[in-house]
Amino acid sequence: MPTFFLPIQIIFALFILFAASRVILRFKDGEIHLGALIFWLIVWTGATLAVIFPDKTSQLAKLLGIGRGADIIIYLSLALLFYLVFRQNVLIENLETKISQLIREITLQDAKKDSQKK
Amino acid sequence: MKTLAVILPAYNEDKIIGKVISQLKKDIKDLKINKQIIVVNDGSSDNTAKIAEKYGALVLTHRINRGLGAALQTGIEYARRNNFDYAVTFDSDGQHDSQDIVKVLHALAKGFDIVVGSRFLNKDNKIPFTRKIILKFANFVTFLFFGIWTSDSQSGFRGFSRKAIEKINLSTNNMEVSSEFYAEVKKHKLKFTEAPIKIRYTKYSLSKGQQNLNSFNVMLKLIYKLFR
């Protein structure tokens, strides 16, 4: 554990604390599943470790053949972001399909009512 | 007597839909089959529904626009619930020739479950060059995703047997639906064939339908579908 923290480390740490608290609150509200809770807690725990021990990320980076610790964090973040955007798109497609199913059901019921009237 | 549902998905086609329906009626008048023309009005903001009704079609209206795939599935669903023996889907922009319905019905009567009308099997068709390239590419993508070689995977002219009407369940909403049919063919082991059809490209029909630049988008949607 380092004896003093840089201002940027404190800001990051506060942000992570905030983000993690949101995750826990959403879980309590039942808005996210246990799987999502665990996933995000692992992400934020990893981020906390990276903020407190920046030197360790450099060691990890060297191990993987990447120059600097900061770089590996950016690479990982980018990969994660791409994946999450992809997931979101899949979810939106699912929603679109459900909306279509709903509209279809309304349409067919309208048609049924019309034919009964005639 | 067997029953046939002719399904026309339509979105803002009031300029041409009347003409298409009256031609269609004339062309299938002599077929010895009970037929119903069904226009799926996909949330049009113009007079598509009114005009289609005036020309004697049954109109199913989506209250909001949901896209080609959703409209086709609504038509097929209607055919399923009302026990139609055959269904044919047909573009409402006037590019198809309704006389070709006979060919599609012949193939269905022979025992095929899905018959797709192919523009490329009819040598007389003049297809614009860029569109040709896009369509060939689409055939290749269809093969990559679904393992079925077709000569015209994006054609909107299709015929379905009772078995196909019962089994097909489309989940994509827009133009990517054309490829999704082949996923359904595979999934339900439907018997698939193609029939040569005529095509009339007009300025009107080219401005509608599959835009060339759209193809990339269609591919992305297919990938999303894989991950559902």
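Residues numbered from 1 in each chain as written. Chains lettered and ligands numbered in written order. Predicted model: local features only at pLDDT ≥ 70, side-chain atom pairs only at ≥ 80, totals over all residues. Heavy atoms only, no water.

Caption draft 1: Representation of the side chain of Ser-98 of chain B within the structure. All names here are of chain B. Its location among the elements puts Ser-98 in the loop between β4 (86–89) and α4 (101–109). On the basis of relative accessibility, which here comes to 3%, the residue Ser-98 falls in the buried class. At a separation of 2.6 Å, a polar atom in the side chain of Ser-98 contacts the side chain of Asp-27. In contact with Ser-98, other than residues within four places in its own chain, are Gln-23, Leu-24, Asp-27 and Phe-90. (Helix = DSSP H or I, 4+ residues; strand = E, 2+ residues; numbered from the N terminus. Buried < 20%, exposed > 50% of the residue type's maximum accessible area, 1.4 Å probe, protein only. Polar contact = N/O pair within 3.5 Å; in protein donor to acceptor, adjacent residues only side chain to side chain. Contact = heavy atoms within 4.5 Å.)

Caption draft 2: How the structure looks around the pairing of β4 of chain B. Residue and element names in this part refer to chain B. Of the two faces of β4, the one holding Tyr-86 and Val-88 and the one holding Ala-87 and Thr-89 are both buried throughout. In this sheet, β4 lies alongside strand β1 (residues 3–10) in parallel orientation, the contact comprising four bridges. By the bridge assignment, Leu-4 is partnered in β4 with Tyr-86. One ladder, built from three bridges, connects β4 with strand β6 (residues 158–160); its direction is antiparallel. Bridging from a neighbouring strand, Thr-89 pairs with Arg-158 of β6. (Pairing = 2+ DSSP bridges.)

Caption draft 3: Focus on the interface of chain A and chain B. Chain A puts 18 residues into the contact, and the matching count from chain B is 20 residues. Of all residues in chain A, Glu-93, Arg-104 and Leu-108 of chain A give up the largest surface area on contact with chain B, accounting jointly for 31% of the area buried on that side. Counting across the chain A and chain B interface gives three salt bridges. Between Arg-63 of chain B and Asp-110 of chain A there is a salt bridge whose closest N-O contact spans 3.0 Å. Scanning the region where chain A abuts chain B turns up nine residue pairs in polar contact (both at pLDDT 80 or more). Residues that form the side of chain A that touches chain B fall into these classes: seven nonpolar, five polar and six charged. (Buried area = accessible area lost by both parts, 1.4 Å probe. Salt bridge = Lys/Arg side-chain N within 4 Å of Asp/Glu carboxyl O. Nonpolar A, V, L, I, M, F, W, Y, C, P; charged D, E, K, R; others polar.)

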